[in-house]
Amino acid sequence: MRTGSLCLVLLVAVVAGSCKLPDEPGCAEGAPCPPGQRCLVSEDPAAPADSELDGVCAAVCQRSSDCDALVPLCDRRDAVCRSCFPGEDALCAGRSPETPSCDGGRCVACRPPRGEASEAAECAARSDAAPVCDRAAARCRSCQRHGECDSGVCVKDASSASAQHPVGSCLPSSEVLVVDPSLCSGIGPVFCTPAQALQRIDATHRHVLLRRSAEPTDFSDLTIGGLPAQQGLDVRLIGPLADRPPHTAETTPSTVLGGVVGHDALIVKTKARVTVEGLYFLGARSAIACTGPDASVRILRSLIAGSETAVSVASGCSLGVEESWLGRGPDGSAFLSVPANVRGIDVSGSDFRIVNSVLVDNGNYARDAFGGVRVHSLGGKARSLILNSTLYQQTGVKKLDKYFTSVLCDLVVGDQLVIMNTLFLGDKALLTAPEEHYVDTICGAALRHVASNDPLLASGDSLVLPMDVAPLVSAPKRDLRPSLRSNEGVALQQSGTVRADVGGQGFSAPLVDLTGQPRPSDRVTVGAFEAVVP
């Protein structure tokens, strides 16, 4: 006789080999079940009638609230806890209104309609700030990536937030201006060109999602700030690289800005505040040009290559560059064969912040074009900052019989420019004739915990590496992560600082690196990347 049978596979909280039924001599030998559990045998219709069956221990229950999260439902016939099955949402809801859905045998708060995490109606109905169902966590949470939202736009920070849409919410599709030439009309809701979408910007429609590009002429000379409706608003342009480190894309992004010789890709004018997130710029005069007081441009998780000037800011425009890559891409990426920029970042009468970013291979010595950060003058409203960034193999210019490659100043700026936790290196040892250095001595910048093979950059608790050592995973392939397999890589890991003060103002290291890896709370690696064991 076989008793206590379940026709479906039973998942139980405790299974320790086979168990022994006290009234079932044909059951396989095994240990008794712990208190509160009893032994069950699962029937296999294909097994011979006289075959021995292993039993499993199952928790005894009277109601589903007696059962734990792994086996959440109480089976009415056998009075033991079991997993839930498709179509048993009502039983899960009866167990607890906090976990009303069955997914993968568990009663969970929600069930993502696509993938491992996506916007779900049951989550959005409970809280605007937690609209995404996370399958692994079996709960609703705030959005973290644009791809998790049906509209393609997650409110990631305060610049996108509003009273109606807090940080962590998904914007409704009705408030997103979409550009996709493959499926569009000139009047929307999906537009054929960015210019058509930018003309519709207002207080409600501040986010432009660039899904696909087409003719370069339609994706060049994009101007924000020329219309009164575009001024004083936080406008956000979102592209296909927004949810990942930009240099890791293995295929060419579906959207490319630029490509018309002698024309800028994006122009930001007075009183416009623009965030550029996840966009790929290629082959422009200036990939991004911003000018005018009360204007600002923030470049986030974007890649800029093949342009005459990567970024140009002037006349009071405030610049931020975060988690971005300027120059030739690493091996294995879609950007390996693209040319670097002729000039890097050009600053005139403006303040800037460069954080968790890479400038690599930019510059053109034959054209007297500087590949790094060139400061003609600062805006003077706030200290400018180069923080936890990597400047590698930049081509510089000759000045006063010296050759400077990474930071160049036309005048003394002093501690109005702070360089902290930043790595300067190149493929070869520094030249001795003419003398080669990374940072122009005229700048007088405040150095804090930088690292290089330049003895002139030794102040501010900085690290001077051996001249012929590049302690990176693979510098020739432009994998610029410090390697813990070298002593110098370990030194880079131990030389950064979490916080530094300059002139009474504190500066803190970012919480994550360019790849999104968390930085330790007690120390950080110098450069854009945390050190790794390759």
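The written sequence of each chain sets the order in which its residues are numbered from 1. Two thresholds apply to this predicted model, a pLDDT of at least 70 for residue-level local features and 80 or more for giving and counting side-chain atom pairs, whereas whole-chain, interface and lining totals are computed over all residues. Hydrogens are left out, water is left out, and the side-chain values use all remaining heavy atoms of the structure.

All right, on to the overall build of the chain then. Along its length, the chain carries four helices and 41 strands. The principal-axis extent of the C-alpha atoms belonging to the chain is close to 100 × 60 × 45 Å. Of all 534 residues assigned to the chain, the portion counted as buried reaches 52%. Accessible surface for the chain amounts to roughly 22500 Å². Of this, 53% is attributable to carbon and sulfur atoms. Considering the chain, the positive charge centre built from 48 side chains and the negative charge centre built from 60 side chains are found 4 Å apart. For helices the rule is a DSSP run of H or I covering at least 4 residues; for strands it is a run of E covering at least 2, with both sets numbered from the N terminus onward. Using a 1.4 Å probe on the protein chains alone, a residue whose accessible area is under 20% of its type maximum counts as buried, one over 50% counts as exposed, and one in between counts as partly exposed. Here the Shrake-Rupley method, with its probe set to 1.4 Å, supplies the accessible areas, and only the displayed protein chains count as covering residues. Counting rule applied: Lys, Arg positive; Asp, Glu negative; His and chain ends not counted. To locate a charge, take NZ of a lysine, CZ of an arginine, CG of an aspartate or CD of a glutamate.

The subject of this paragraph is the sheet that holds strand S16 (residues 273-277). Reading across the sheet, the eleven strands line up as S11-S10-S12-S14-S16-S19-S22-S25-S28-S32-S35 and stay open at both edges, with parallel pairing between neighbours. Each edge of the open sheet is held by one strand with a lone partner, namely strand S11 (190-191) and strand S35 (446-448). When strand S25 (residues 352-355) meets strand S28 (residues 384-387), the two strands line up parallel, connected through three bridges. Across the sheet, residue Ile354 finds its bridge partner in S28, namely Ile386. What makes two strands pair is DSSP finding at least two bridges between them.

Two elements, strand S19 (residues 296-300) and strand S22 (residues 318-322), share five bridges in a ladder whose sense is parallel. The residue bridging Arg298 from the neighbouring strand is Gly320, located in S22. Looking at chain direction, S22 and S25 are connected through four bridges and run parallel. Among the inter-strand pairings, Leu319 is bridged to a residue of S25, identified as Phe352.

Overall, antiparallel pairing links the three strands, which are arranged S7-S8-S9 in an open sheet. The sheet is open, and its two borders are formed by strand S7 (117-119) and strand S9 (139-141), each paired with just one other strand. Taking the axes of each pair of neighbouring strands and ignoring which way they run, one obtains an average angle of 35° across the sheet. Of the strand pairs in this sheet, S7 and strand S8 (residues 132-134) are connected by three bridges, and their pairing is antiparallel. Directly across from Ser118, in S8, lies its bridge partner Cys133. All axes here are fitted lines through C-alpha atoms, helices being fitted over the stretch that makes contact, and every angle between N-to-C directions spans 0 to 180 degrees.

A few words on the packing of aromatic side chains. Between rings of Phe, Tyr and Trp, where Trp is taken as its six-membered ring, a pair exists when centres lie within 6.5 Å; planes separated by under 30 degrees are stacked, by over 60 edge-to-face, and by other angles tilted. This structure, assessed with the given rule, holds three aromatic pairs. On the basis of an interplanar angle of 25° and a centroid distance of 5.8 Å, the ring pair of Phe424 and Tyr438 is categorised as stacked. Placement of Phe424 in strand S33 (residues 423-425) and of Tyr438 in strand S34 (residues 435-439) is noted, with a sequence separation of 14 residues between them. Phe424 sits in the buried class, given a relative accessible area of 0%. The exposure class assigned to Tyr438 is buried, which follows from its relative accessible area of 3%.

Let us now look at the state of the cysteines. Criterion for a disulfide: a pair of cysteine sulfur atoms at a distance within 2.5 Å. In this structure the tally under the stated criterion is twelve disulfides. Disulfide partner of Cys61: Cys74, at an S-S distance of 2.1 Å. Residues Cys61 and Cys74 share a disulfide whose torsion about the S-S bond is about 95°; that sign makes it right-handed. Within this pair, whereas Cys61 is found in the loop between strand S2 (55-59) and strand S3 (73-74), its partner Cys74 is found in strand S3, the two being separated by 13 residues in sequence.

With that settled, the discussion passes to the confidence of the model for the chain. Values of pLDDT, the confidence the predictor places in each residue, fall between 0 and 100. Predicted confidence across the chain gives a mean pLDDT of 91, with 92% of residues reaching 70 or more. This stretch, residues 1-17, has a pLDDT under 50; its non-local contacts, to residues over four places away or in other chains, come to 46 contacts. Between two residues, a contact is recorded if the distance between any of their heavy atoms is within 4.5 Å. Long-range and interchain partners of residues 23-28, a stretch whose pLDDT sits below 50, account for 16 contacts in this model, where long-range means more than four residues apart.

Attention shifts here to the nonpolar core. We call a set of buried residues a nonpolar core when its members are Ala, Val, Leu, Ile, Met, Phe, Trp, Tyr or Cys and they connect through side-chain atoms within 4.5 Å of each other. Counting residues in hydrophobic clusters, the biggest one holds 86 residues, and the most contacted among them are Phe281, Val297, Ile345, Phe352 and Ile419. If we skip the residues at most four places from it in the chain, Ile345 touches Val311, Leu319, Val321, Leu326, Ile354, Leu359, Gly372, Val373 and Arg374. Val355, Val418, Met420 and Ala500 belong to the second-largest nonpolar core, a separate cluster that totals nine residues.

On to the environment of Glu488. Relative to the assigned elements, Glu488 resides in helix H4 (residues 487-495). Sequence separation of Glu488 and Arg244 is 244 residues, and the distance between their C-alpha atoms is 28 Å. Ignoring any residue separated from it by four or fewer positions in sequence, one finds Glu488 in contact with Leu465, Pro466, Val469 and Pro471.

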